[in-house]
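Listed below, chain by chain, are the residues.
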Amino acid sequence: MQSLSGQSQTSVYLYVRLAAEHVALVGTAVREIMRWRTPTPVPGAPPTIPGLINQRGQILPVIDARLLLGLPAASPDRTTRLIWVHHEQIDAALLVDAVVDLITIEAGQIEPPPINLVGAAQRAIQAIYRYRDDLSIAILDPAALFVLVQEVL
Amino acid sequence: MILLIETISRRYLCRQNDVDAVGFPSTADRDDRGRPIMRSQLGPLLDPSDPPASGRLHALTIHLRRRVVELLVVRIDLLAEPPSVVPLAPFLTACLQLPWVTGAALLDEQPVLMLDLRRLATDLALGLRLKHAEAAL
């Protein structure tokens, strides 16, 4: 989902909400957006992985993005969505509080992450995009998310 | 061959080869070779939200060198057509507290977990439990 517009390269991102945080995932990593359904729990799995779902014949582990990024747990509601994320042979359903929009971002509009980030956010946030001048959207690194899952026990 | 196991609120799969006998639970404390018999309800052992079953239960019996483990469940069926079992994602396997789940298959369009019952029985005999079961002891 990248295009060249004049001199600037643009990419499409899926803009989602996690608690009060605004985050985005690069569109090339997103396969599908699904409504919440209760996953089958896996005995011994950490709370960040609430279980498995079936999406059109593919069994996907669900990753709770809130817990992964150190945000408080929340019960699913009407706006909760599962995002089928695919990155380097890995597929998973990322649990988010809401899908907000699809946005197109020019490469030049992306800023490095703040230096004061700590913990999981420091690992997972690869850049910041100033959306409509008054909102910062954190762009997540899908590879870092999958690495974090194995470390957050 | 694959067995379909039912607890009160969950279904699981296991390899028939992992189980030495299927039947009703024994009433003895030791088997005929003098090995102590450990009995556990599989449902609550795996999932704190799965309540203990009452009434007539079935036992999956696994013989270990020094112990016999009986895992009690509500129902056991031999699947005539074994489902296609896919291994768990490596990142999920890597973060399991105990490696009792090896994969999953779709039954009635729902994921059903494949258990390694021999490993589970061995861990039980060693006193290993999932966190929720440790807390319940």
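First, a word on scope: everything that follows refers to the structure included in this document.

Reading guide: rules and limits
- Residue positions are given per chain, counting from 1 as you read along its sequence in written order.
- Chains carry letters from A onward and ligands carry numbers from 1 onward, assigned in written order.
- Totals for whole chains, interfaces and linings use every residue, but because this is a predicted model, local features are given only for residues with pLDDT of at least 70 and side-chain atom pairs only at 80 or more, for both listing and counting.
- The basis for every side-chain value is the complete set of heavy atoms in the structure, and neither hydrogens nor water enter the calculation.
- Note on pairing: two strands pair once DSSP finds at least 2 bridges between them.
- Secondary structure elements follow DSSP: runs of H or I of four or more residues count as helices, runs of E of two or more count as strands, with numbering from the N terminus.
- Fitted lines through C-alpha atoms give the axes, limited to the stretch in contact for helices. The angle between two N-to-C directions lies from 0 to 180 degrees.
- Any Lys or Arg side-chain nitrogen located within 4 Å of an Asp or Glu carboxyl oxygen qualifies as a salt bridge.
- A simple rule labels every residue: compare its accessible area, found with a 1.4 Å probe on the protein chains alone, to the largest value its type can have, and call it buried under 20%, exposed over 50%, or partly exposed in between.
- Buriedness of a pocket was judged along seven lines, with at least five required to meet protein on both sides within 12 Å; pockets are open sets of points on a 1 Å grid over the protein atoms alone, cavities are sets where a 1.4 Å probe fits but cannot get out, and lining residues have an atom within 4 Å of a point.
- Grid points are joined across faces, edges and corners, and a volume is the space filled by probe spheres set on the points.
- For this classification, the nonpolar set comprises Ala, Val, Leu, Ile, Met, Phe, Trp, Tyr, Cys and Pro, the charged set comprises Asp, Glu, Lys and Arg, and every other residue, Gly included, is treated as polar.

### Observations regarding the sheet that holds strand β5 (residues 58-63) of chain B
All names here are of chain B. Read across the sheet, four strands follow the order β3-β5-β6-β4 without closing on themselves; strand pairing throughout is mixed. Only two strands of the sheet have a single neighbouring strand rather than two, namely β3 (21-23) and β4 (37-41). Adjacent strand axes in the sheet meet at a mean angle of 20° when their direction is disregarded. As paired elements, β3 and β5 share three bridges and run antiparallel to each other. Paired with G23 across the strands is A59, a residue of β5.

### Quick word on the pattern of salt bridges
Per the stated rule, a full pass over the model turns up 13 salt bridges over all chains. Of the charged contacts, one joins R130 of chain A and E111 of chain A as a salt bridge, the two residues approaching to 3.2 Å between their closest N and O atoms. In this pair, R130 of chain A sits in strand β11 (residues 125-131) while E111 of chain A sits in strand β10 (residues 110-111), placing the two residues 19 residues apart along the sequence. The exposure class of R130 of chain A is partly exposed, given its relative accessible area of 41%. Salt bridges here are not isolated pairs; linked through shared partners, they connect R15, D18 and D116 of chain B.

### Here's the deal with empty space enclosed by the protein
The method is simple in principle: a probe with the dimensions of a water molecule rolls over the atoms, and the space it marks as empty is what remains. All names here are of chain B. Counted according to the given criterion, the structure contains two cavities of 30 Å³ or more. The calculated volume of the largest cavity comes to roughly 70 Å³. Tallied by class, residues from the lining of the largest cavity come to five nonpolar, two polar and three charged. The computed volume of the second largest cavity comes to approximately 40 Å³. Considering the residues around the second largest cavity, the lining is formed by T7, I8, Q41, G43, P44, P51, A53, L72, V73 and V74. Those elements giving two or more residues to the lining of the second largest cavity turn out to be α1 (42-46) and β6 (68-73). Partitioning the lining of the second largest cavity into residue classes produces seven nonpolar, three polar and no charged.

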